[in-house]
Amino acid sequence: RAGMAAALLLLLLLLAACPGPGRAGAGRERRDTLREELLLSPLPTGDVAATFQFRTRWDADLQRGAVSHYRLFPKALGRLVAALGVRELHLALTQGFWRTRVWGQPPLQAPAGAELWVWFQPAVTDVDKAWKELSNILSGIFCASLNFIDSTNTVIPTASFKPLGLANGTDHHLLRYAVLPREVVCTENLTPWKKLLPCGSKAGLAVLLKAERLFHSSYHSQAVHIRPVCRDASCMAVSWELRQTLTVVFDVFSSGQGKKDWSLFKMFSRTLTDACPLASQSKVYVDISPKNKEKELLEVTPPPTSVHEAVVQGDKKTYAVYDLLSPLLFNTSRSLNVQLKWKRPQDSSEMPIPVLHAQRYVGGYGLQTGEICTLIYNTHPYRAFPVILLETVPWYLRLYVHTLTIITKGKENKPSYIHYQPAQDRRRPHLLEMLIQLPANSVTKITIQFERALLKWTEYPPDPNHGFYVGSSVLSALVPSVIPMKDVDVEQSPLFTSLFPSSDGSSYFVRLYTEPLLVNLPTPDFSMPYNVICLTCTVVAVCYGSFYNLLTRTFHVEEPSRGGLAKRLANVIRKLRGVPLL
Amino acid sequence: QVQLVVPVAVVFSPGSVPGDLPSPLPFRDVQEMEISVNLRTSVTSRYEMAYQGTTAQEEAAMAVTTAREADAALRPLQDVSMGSLTMYVVPENSSLLPQGTSVYVGRHRSALVRAGGGLAALHARLRQVTQVMSFTATSIAAALSDRVPDGRLSPDARRSLKSSLGYEITFSLLNPDPKSHAVDWDIEGAVNRYVKPVLDKLSLVANFSVDSQILYYAVLGVTPRYDKESSSFLLSAHSLPHVINPVEARLGSSAASLYPVLNFLLYVPERSHSPLYIQDKDGAPVSTNAFHSPRWGGIMVYNVEAPASPQASLPLQVDVDMARVMEVFLAQLRLLFGLSREELPPEFLLESPGNEGLADWELDHLLWAHTVENIATVSTTLTSLAQLLDKIGNIVIKDDVASEVYRAVASVQSAMAKLAVGHLHSAFQASKEAVTSSERAFFDPSLLHLLYFPDDQKFAIYIPLFLPMAVPILLSLAKIVRETRQRKKEPTKMD
């Protein structure tokens, strides 16, 4: 037996010594790909929106836990997904508010502050624990206060957030959604986000991501989306997709002395010199679609490598495309500085209004009760469509559900689906989800009254007089398209069109966020306890002092003398008045 | 007081029994050794020697030509429990051992020792072998390095990793210049082929997880110096400490676990800086082109050969020779676990650990050190917890924290009892449990809340009460003092 063991050992040694099985040489098949893309779209108001998308696709099954060798996919996120059984993760950190009415439908909107929604694997037994752990780890990775996500701001939506990736079941108990509207986004969140990119900010489109320019903008939103996708058309195997997106809106109109012309250098104070060497696709799209049927108003320089036409969110769009990987682009000049000039001043009156937009505000007066009003506009000339409204309200605003009214065109509009989960004090927030039918060309007004609760004095955040934020409400809708859309191949089409799955040719998916609300709560005077302590203590001390004196003094009869100062003073007055002296 | 007991069986083959044995075989004997760490801590080691003659089977097993074969053949006949050792004494003229070597340490828990020079010489030799195969004074001191006074410990002793329940091993390929080098490494195969056998063996000591990543545009923190003579770039030894910091920021922390991370970096220098060589303190190039950082990991520089023709298209395809890389990384891994095979007398011959990368007795070596270190850690943790309780009287200890503390104490006691009877494996398990319980007790969140209301702040709040109240008391005190003084003066006046 010993001899056999020795022989086996020898065999093992021999195996270890000989080189590994035949390796594919230079043409080794990559299992992960990176695509990077920048979309520049001039907005009707003269601002410019820049949307970066970096998409890493990895043909490996992250879930098994056996995969631990990372190339383009960042290890920190990969381990997170594997360790906590995450099926889909969407994290957005946003500063500012996307003004849908004037800027139009955003390619990707996120609510102000931090938003996190995660679908877990069915195998995860304790979803709440995994959710807590996940938010803690993410807050470490992104330097954000996501660790403040707890049961008081976490909800389980039933209809609004469907998995965006591959999913075989949609049991909403595996979903968690939380928004932190108070979160401030700044450079310290951008740096770790950039670090997740394979090329960092050293090459490719990411060189434009210069923090001091990005945060000098009207809107900044950075996001991470992780989801499983089909590996190929037959969808027999799963690939994992990581999308890092970043949207900024620059106000070039006011910074450019009233001119709407812009260039890459003006906005980012950098220009593009090359593509990320790891990327299989690196493109810049510039939206040059004519706003009305007239001839083009704007011109871009240098001439684009190609022109791409697509129907995006119900609109026919034309894009000038610069392919950074094409050798032609850098032939003439070493760097690419896309410039756009308007041929004649644009009429702001011809601004198209998006089909679906919304608005929200707090009504009422005083510090006891109030009212949340939401206005949803459907500007489609002849089509009605349903919309799902998700409203999360913290527990300290006590909603009166019986006051919920939905009025469209002066008539009551009964929601076809309603899900309400009442709040529990200090435990969980209110959750209200409704499916509302929006008639064509209408405004729907939703109001609900609330009462403000009194908090314990330790529950107030720093600076409580600033007010308390109520997160944005979420509108999800399949908006009917005026122009029929073609089914597009996800791998071929530009990235900005392919995050939300399109259902059919006649409608497109839109998710909108309304403004966050700032509500004042009755706030006590926080120095009061100390004042009270001081005052009571002084009173007690004075009482004590006189009592003490009373107890310890020895009283004895004083011989009448010439009298003190008081007596002499009294005598002077008496003398003046002509009264007998004391 | 920790007592480490090593059971040693000494087997004399025919013709090797020294003439001056105190009693006829078999007999038992105990040798003690005191290892003092500092003034208050010392460790006693007891070697329980059992002397006996060979059995017929053992004789048959040793009737082979080489030491390696004898080692393999003797393996099934030994006591295989961890921590116990078996020494086979062979005659002085035996041909089993090569010329010039007097001790052969096998792959398992046994050694062949050449007899000769009487009992005293044999004793000395046996003691040396047992120490190499179990623990030495320095390895125990290194394990208790927290308690050793500064300066008494060599820097080598501070190199090995602290004992932990688990380790994460991360291999990172740094490619600062992806435009000119497209570097590929078959890390998955290499891990399975070279690292996994070692870790399987080490899995007894701790949990290991292995992963790898490729980092692009990650540069070292030091610009290498150009050397005209060899037309290469040089990194001198004194600049190496500055190399790690900028890379460290990119490595990414292990967010999902709390175990210490061992980093092994393979650095492919950029085209404008290659070839790159590391110089040692004397200015000579380091043959492996690698260095390690204590308790952190290792870095290896992997130079890419310049293409034959300068017109070769970029990026250059590079396939990393993983055997060469892993050889270096595994050597560094052994170093970081304190398993160096240096400092041995020349007449010792150690069998190479083979595919597993680790001999059985080396595992024991690690277990001895880790058990002692765990016991020391638990005692430190519990002592600081006790000190905390002494300092803050009103801290609340919940029942579960208390039970963790009791469990930790019980586990430590059982670990020490197991060590004192020579059951290394169960002692190690008990010490691991003790560490878990004590850490859980010490880091319990309930021990934190009450810390933040110190007594001086309470006093500050009540100052508005105390201050006005003190005024009349102080005034009357002053009055009393004045009066007594006057009363003292008065009698002299009366006279």
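Residues numbered from 1 in each chain as written. Chains lettered and ligands numbered in written order. Predicted model: local features only at pLDDT ≥ 70, side-chain atom pairs only at ≥ 80, totals over all residues. Heavy atoms only, no water.

Draft legend 1. Just the interface of chain A and chain B, in detail. Each partner contributes residues to the interface: chain A has 43 residues there, and chain B has 43 residues. Buried area between chain A and chain B, both sides added, is near 3,900 Å², and the carbon and sulfur share of it is 58%. Where chain A meets chain B, there are 4 salt bridges. Between Asp 274 of chain A and Lys 179 of chain B there is a salt bridge, with its nearest N and O atoms 2.4 Å apart. For the interface between chain A and chain B, the tally reads 10 residue pairs in polar contact (both at pLDDT 80 or more). For the side of chain A that touches chain B, the secondary structure elements donating two or more residues are α1 (2-17), α2 (75-84), α4 (127-142) and α10 (528-552) of chain A. Per-element accounting of the side of chain A that touches chain B gives the leading share, 11 residues, to α10 of chain A. Split into classes, the residues belonging to the side of chain A that touches chain B amount to 26 nonpolar, 7 polar and 10 charged. (Contact = heavy atoms within 4.5 Å. Buried area = accessible area lost by both parts, 1.4 Å probe. Salt bridge = Lys/Arg side-chain N within 4 Å of Asp/Glu carboxyl O. Polar contact = N/O pair within 3.5 Å; in protein donor to acceptor, adjacent residues only side chain to side chain. Helix = DSSP H or I, 4+ residues; strand = E, 2+ residues; numbered from the N terminus. Nonpolar A, V, L, I, M, F, W, Y, C, P; charged D, E, K, R; others polar.)

Draft legend 2. Expanded view of the packing of α2 of chain A against α4 of chain A. Residue and element names in this part refer to chain A. In contact at an axis separation of 11 Å, α2 and α4 are set at 170° when each is read in the N-to-C sense. Between α2 and α4, the angle falls in the class roughly antiparallel. Across the interface between the two elements, Ala 76, Leu 77, Leu 80 and Leu 84 from α2 touch Ala 130, Glu 133, Leu 134, Ile 137, Leu 138 and Ile 141 from α4. Here the residues of the contact of α2 with α4 are counted per class, giving 9 nonpolar, no polar and 1 charged. (Axes fitted to C-alpha atoms, helices over the stretch in contact; angles between N-to-C directions. Parallel < 35°, antiparallel > 145°, perpendicular 65-115°, else oblique.)

Draft legend 3. Broad picture of the environment of Trp 395 of chain A. Residues and elements named next belong to chain A. Following the sequence through the fold, Trp 395 ends up in the loop between β17 (385-393) and β18 (397-408). Sequence-wise, Trp 395 and Thr 305 are 90 residues apart; in three dimensions their C-alpha atoms are separated by 55 Å. Contact partners of Trp 395, with chain neighbours within four places excluded, come to Thr 152, Ala 423, Gln 424, Asp 425, Arg 426, Arg 428, Pro 429, His 430, Ala 453, Leu 455 and Glu 459.

Draft legend 4. Here's a closer look at the state of the cysteines. Residues and elements named next belong to chain A. Under the criterion given, the structure shown has 2 disulfides over all chains. Here Cys 199 pairs with Cys 276 through a disulfide, and the sulfurs are 1.9 Å apart. Linking Cys 199 and Cys 276, the disulfide has an S-S dihedral of approximately 70° and is accordingly described as right-handed. Here Cys 199, found in the loop between α5 (187-195) and α6 (211-214), pairs with Cys 276, found in the loop between α8 (264-268) and β10 (281-287); they are 77 residues apart in sequence, far enough to count as distant. The buried category is assigned to Cys 276, whose relative accessible area is 1%. Across a sulfur-sulfur distance of 1.8 Å, Cys 230 and Cys 235 are joined as a disulfide pair. On the S-S bond that ties Cys 230 to Cys 235, the torsion sits near -65°, and the link is left-handed. Judged by its relative accessible area of 28%, Cys 230 falls in the partly exposed class. Not engaged in a disulfide, the cysteine Cys 143 finds its nearest cysteine sulfur in Cys 186; these two sulfurs lie 12 Å apart. (Disulfide = S-S within 2.5 Å. Buried < 20%, exposed > 50% of the residue type's maximum accessible area, 1.4 Å probe, protein only.)

Draft legend 5. Quick look at the sheet that holds strand β9 (residues 262-263) of chain A. Residue and element names in this part refer to chain A. The 3 strands are arranged β9-β14-β11 in an open sheet whose pairing can be described as antiparallel. Strand pairing shows two members of the sheet lacking a second neighbour, β9 and β11 (298-301), which therefore form its edges. By the bridge criterion, 2 bridges tie β9 to strand β14 (residues 339-342) in an arrangement that is antiparallel. For Ser 263, the partnering residue across the bridge sits in β14 and is Gln 339. (Pairing = 2+ DSSP bridges.)

Draft legend 6. Broad picture of the sheet that holds strand β9 (residues 207-216) of chain B. All names here are of chain B. Strand order in the open sheet formed by 5 strands is β9-β7-β12-β15-β14, with mixed pairing between adjacent strands. Since the sheet does not close on itself, it has two edges, and those belong to β9 and β14 (290-293), each with one partner. The mean inter-strand angle of the sheet, taken between neighbouring strand axes irrespective of direction, is 15°. Looking at chain direction, strand β12 (residues 261-267) and strand β15 (residues 297-301) are connected through 5 bridges and run parallel. In the strand pairing of β15, Leu 265 is matched with Ile 299. Docked against the sheet, helix α6 (residues 244-251) engages β7 (166-175), β9, β12, β14 and β15, running at close to 105° with respect to β9. Taken strand by strand, helix α7 (residues 322-336) contacts β7, β12, β14 and β15, and its axis lies near 150° from that of β12.

Draft legend 7. Up close: the packing of aromatic side chains. All names here are of chain A. Throughout the structure, instances matching the rule amount to 28 aromatic pairs over all chains. Relative to Phe 54, the ring of Phe 52 lies with its centre 6.4 Å away and its plane at 5°, an arrangement referred to as stacked. Judged by relative accessible area, Phe 52 falls into the buried class, the value being 0%. (Phe/Tyr/Trp six-rings, centres within 6.5 Å; stacked < 30°, edge-to-face > 60°.)

Draft legend 8. The pairing of strand β11 (residues 232-235) of chain B, seen in detail. Residues and elements named next belong to chain B. Burial along β11 is two-sided: the residues Ser 232 and Leu 234 and Phe 233 and Leu 235 are all buried. Of the pairings in the sheet, the one linking strand β10 (residues 225-227) to β11 comprises 3 bridges and is antiparallel in character. Residue pairing for β11: Tyr 226 is matched across the bridge by Phe 233. Counting the residues that bridge the hairpin from β10 to β11 gives 4 residues, and of these Ser 231 lies at a positive phi of roughly 45°. When β11 meets strand β13 (residues 276-278), the two strands line up parallel, connected through 3 bridges.

Draft legend 9. Summary view of unusual backbone geometry. A cis geometry characterises the amide bond from Thr 301 of chain A onward to Pro 302 of chain A, with omega recorded as -10°. Here Tyr 217 of chain B, not a glycine, exhibits a phi torsion of approximately 55°, which is positive. Of note, Tyr 217 of chain B is situated in the loop between β9 and β10.

Draft legend 10. Layout of the nonpolar core. Residues and elements named next belong to chain B. The biggest cluster of nonpolar side chains holds 106 residues, and the ones touching the most others in it are Phe 171, Leu 202 and Phe 337. Sorting elements by how many residues they give to this core places helix α8 (residues 360-391) first, with 10 residues. Those residues in contact with Phe 337 that sit more than four places away from it in its chain are Ser 160, Leu 161, Tyr 167, Leu 202, Phe 208, Leu 262 and Leu 366. (Core = buried A, V, L, I, M, F, W, Y, C linked by side-chain atoms within 4.5 Å.)

Draft legend 11. Fine view of a nonpolar patch on the surface. Residues and elements named next belong to chain B. Taken together, the side chains of Phe 459, Tyr 462, Ile 463, Phe 466 and Leu 467 define a hydrophobic patch exposed on the protein surface, amounting to about 500 Å² of accessible area. At 3 residues, the largest contribution of residues to the nonpolar patch is made by helix α12 (residues 463-494). Secondary-structure assignment places Tyr 462 in the loop between α11 (455-461) and α12. A residue is classified by how much of its surface remains accessible, and Tyr 462, at 40% relative accessible area, is partly exposed. (Patch = residues over 30% accessible without salt bridge, like charges linked within 9 Å, V, L, I, M, F, W, Y side chains within 5 Å. Areas by Shrake-Rupley, 256 points an atom, 1.4 Å probe, with all protein chains shown as cover.)

Draft legend 12. How the structure looks around the UniProt feature "transmembrane region" (unreviewed entry) in chain B. The positions that UniProt labels "transmembrane region" (unreviewed entry) are, in the present scheme, residues 459-481 of chain B. Counted over residues 459-481 of chain B, helix gives 96% and strand 0%. Its end C-alpha atoms are 28 Å apart. (UniProt positions renumbered as here; feature names shortened; annotations may be inferred.)

Draft legend 13. Just empty space enclosed by the protein, in detail. Residue and element names in this part refer to chain A. Considering all chains together, one arrives at 7 cavities of 30 Å³ or more under this definition. Here the largest cavity defines a volume of roughly 240 Å³. Forming the boundary of the largest cavity are 24 residues, of which Leu 108, Gln 109, His 225, Phe 500 and Tyr 513 lie nearest the centre. Looking at the lining of the largest cavity element by element, the count peaks at 5 residues for strand β25 (residues 507-513). Residue composition of the lining of the largest cavity, grouped by class: 14 nonpolar, 8 polar and 2 charged. (1 Å grid on protein atoms, 1.4 Å probe; cavity = no way out; pocket = protein on both sides within 12 Å on 5 of 7 lines; lining within 4 Å. Points joined across faces, edges and corners; volume = space filled by probe spheres on them.)

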